[in-house]
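# Observations on the model geometry
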Amino acid sequence: MVEPVFDRFGRVVAWRRRERLFDREGRAVAFVWDRAVFRYDGTWLGWLLEKYYWTKEGLAVACERGAGGGPQPSTSYEPLRPPVLEAGPQVPAPGAAPPPPRLRTRRWADLSWDEFLDGRA
């Protein structure tokens, strides 16, 4: 099953199938390993907890339907069909485990999904 990932305004910014994250065009861009979100180059970006994507500082940057325990999600979502998802690279085992999740806030991060993926958080 493919889950849409929404920004704070309800726009689809990515897609998730199991542990893999894909951009809007279906290209593999990141993965989830034991609730931590990583780029394929091994850069740790943040967390996926309770269907929210969190920065390292505990701010929400995106969510999936049914997200809980964070800021108010959008009340409406962009209706899109998932693209054809590429196979993408093998999901690597990260070298070192990231630190445990920080206290999460009820605030949205002041950055876009692309900035989150770039590691700007």
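See the structure shown above.
## Details of the packing of aromatic side chains
Given two aromatic rings, one states the distance between the centres and the angle between the planes to describe the pair. Per the counting criterion, the structure on display carries eight aromatic pairs. Ring centres of Phe6 and Tyr77 lie 4.1 Å apart, and the angle between their planes is 35°; this geometry places the pair in the tilted category. Taken together, the residues span a long stretch of sequence, with Phe6 in strand S1 (residues 2-6) and Tyr77 in the loop between strand S8 (60-63) and helix H1 (113-117) at a distance of 71 residues. With a relative accessible area of 0%, Phe6 lands in the buried category. Take Tyr77: its relative accessible area is 25%, and that puts it in the partly exposed class. Centre to centre, the rings of Tyr53 and Trp113 are 5.3 Å apart; their planes meet at 90°, and the pair counts as edge-to-face. With a gap of 60 residues between them, Tyr53 in strand S7 (residues 52-55) and Trp113 in helix H1 connect regions that are remote in the sequence. Accessibility assignment for this pair places Tyr53 and Trp113 in one class, buried.

## Overview of the pairing of strand S6 (residues 44-49)
In regular strands, side chains alternate between the two faces of the sheet. Counting buried residues in S6 gives six out of six residues, a clear majority hidden from the surface. Pairing of strand S5 (residues 36-39) with S6 involves three bridges; the strand directions are antiparallel. By the bridge assignment for S6, Val37 is matched with Gly46. The hairpin turn running from S5 into S6, its antiparallel successor, is four residues long, and Gly42 in that turn takes a positive phi close to 95°. One ladder, built from four bridges, connects S6 with S7; its direction is antiparallel. Looking at S7, one finds that Gly46 is bridged to Thr55.

## Notes on the pattern of salt bridges
Pairs may arise between side chains of opposite charge once their charged atoms sit close together. Scanning the entire structure with this criterion turns up nine salt bridges. The salt bridge involving Asp7 is made with Arg11; its shortest N-O contact spans 2.8 Å. Residue Glu25 is joined to Arg27 by a salt bridge in which the shortest nitrogen-to-oxygen separation is 3.3 Å. Connected through shared salt-bridge partners, Asp23, Glu25 and Arg27 make up one network.

Analysis parameters
- Residues numbered from 1 in each chain as written.
- Predicted model: local features only at pLDDT ≥ 70, side-chain atom pairs only at ≥ 80, totals over all residues.
- Heavy atoms only, no water.
- Phe/Tyr/Trp six-rings, centres within 6.5 Å; stacked < 30°, edge-to-face > 60°.
- Helix = DSSP H or I, 4+ residues; strand = E, 2+ residues; numbered from the N terminus.
- Buried < 20%, exposed > 50% of the residue type's maximum accessible area, 1.4 Å probe, protein only.
- Pairing = 2+ DSSP bridges.
- Salt bridge = Lys/Arg side-chain N within 4 Å of Asp/Glu carboxyl O.

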